[in-house]
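# Report on the structure
Spelled out, the chains give:
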Amino acid sequence: QVQVVESGGGLVQAGGSLRLSCAVSRSIFSFKDIGWYRQTPGKSRELVAIITSTGSATYGESVQGRFTISRDNAKNTVYLQMNSLKAEDAAVYYCNAYDWHRGPYWGQGTQVTVSS
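Residues numbered from 1 in each chain as written. Predicted model: local features only at pLDDT ≥ 70, side-chain atom pairs only at ≥ 80, totals over all residues. Heavy atoms only, no water.

## As for the pairing of strand E4 (residues 31-39)
Definition in use: In this scheme, a residue with accessible area under 20% of its type's maximum is buried, one over 50% is exposed, and one in between is partly exposed, where area comes from a 1.4 Å probe on protein chains only. Helix and strand assignments follow DSSP, with helices taken as H or I runs no shorter than four residues and strands as E runs no shorter than two, numbered in order from the N terminus. At least two bridges found by DSSP between two strands are what make those strands a pair.
For E4, the tally of buried residues reaches 7 of 9 residues, placing the bulk of the element in the interior. Both E4 and strand E9 (residues 91-99) contribute to a ladder of 8 bridges, which runs antiparallel. Bridge assignment links Arg-38 to a residue of E9, and that residue is Tyr-93. Count of turn residues in the E4/strand E5 (residues 46-52) antiparallel hairpin: 6 residues, of which Gly-42 carries a positive phi of about 85°.

## Structural notes on the state of the cysteines
Note the threshold: Two cysteine sulfurs form what is called a disulfide whenever their separation falls within 2.5 Å.
Counted by the stated rule, this structure contains 1 disulfide. Between the sulfur atoms of Cys-22 and its disulfide mate Cys-95 the distance is 2.0 Å. The sign of the S-S torsion, about -75°, decides the handedness of the disulfide formed by Cys-22 and Cys-95: left-handed. Here Cys-22 is found in strand E3 (residues 18-24), whereas its partner Cys-95 is found in strand E9, with 73 residues between them in sequence. For Cys-22, a relative accessible area of 1% gives the class buried. On the basis of relative accessibility, which here comes to 0%, the residue Cys-95 falls in the buried class.

## Observations regarding the pattern of salt bridges
For clarity, the threshold we go by: Salt bridge, as used here: a side-chain nitrogen of Lys or Arg that lies within 4 Å of a carboxyl oxygen of Asp or Glu.
By the definition in use, this model includes 5 salt bridges. Residue Arg-26 is joined to Asp-99 by a salt bridge in which the shortest nitrogen-to-oxygen separation is 2.2 Å. In this pair, Arg-26 sits in the loop between E3 and E4 while Asp-99 sits in strand E9, placing the two residues 73 residues apart along the sequence. For Arg-26, a relative accessible area of 27% corresponds to the partly exposed category. Given a relative accessible area of 7%, Asp-99 falls into the buried group. The partner of Asp-33 in a salt bridge is Lys-32, and the shortest N-O contact between them spans 3.3 Å. Classification of Asp-33 as buried rests on a relative accessible area of 11%.

## Some remarks on the pairing of strand E1 (residues 4-7)
Alternating residues of E1 divide into Val-4 and Glu-6, all buried, and Val-5 and Ser-7, none buried. Where E1 and E3 come together, 4 bridges link them in antiparallel fashion. Across the sheet, the residue bridging to Val-5 is Ala-23, located in E3.

Put into structure tokens, the structure is as follows:
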């Protein structure tokens, strides 16, 4: 069973920064990709950023230029650096590790709150 654990959420002022971490229980290279998604009440989960096994990164349009996804291979951890946070970035952020054969593994989510 793959474990996916997010951390780093919290309360931050608008314009501030946070770094989220996603720790997985096996080599990140064994996944097709690992991504961050977010969800607010009444809305569907949306892609924030994703990084493939080859290191290619893709970002959602609303976070382009403000958020950066990166990884530490030795720690089996993927990070999401969030800068210039806005009120509309407030959400529960989920990490997803997509296995080539078994599909997605989701974490429990971490809350990000942005005060204006």
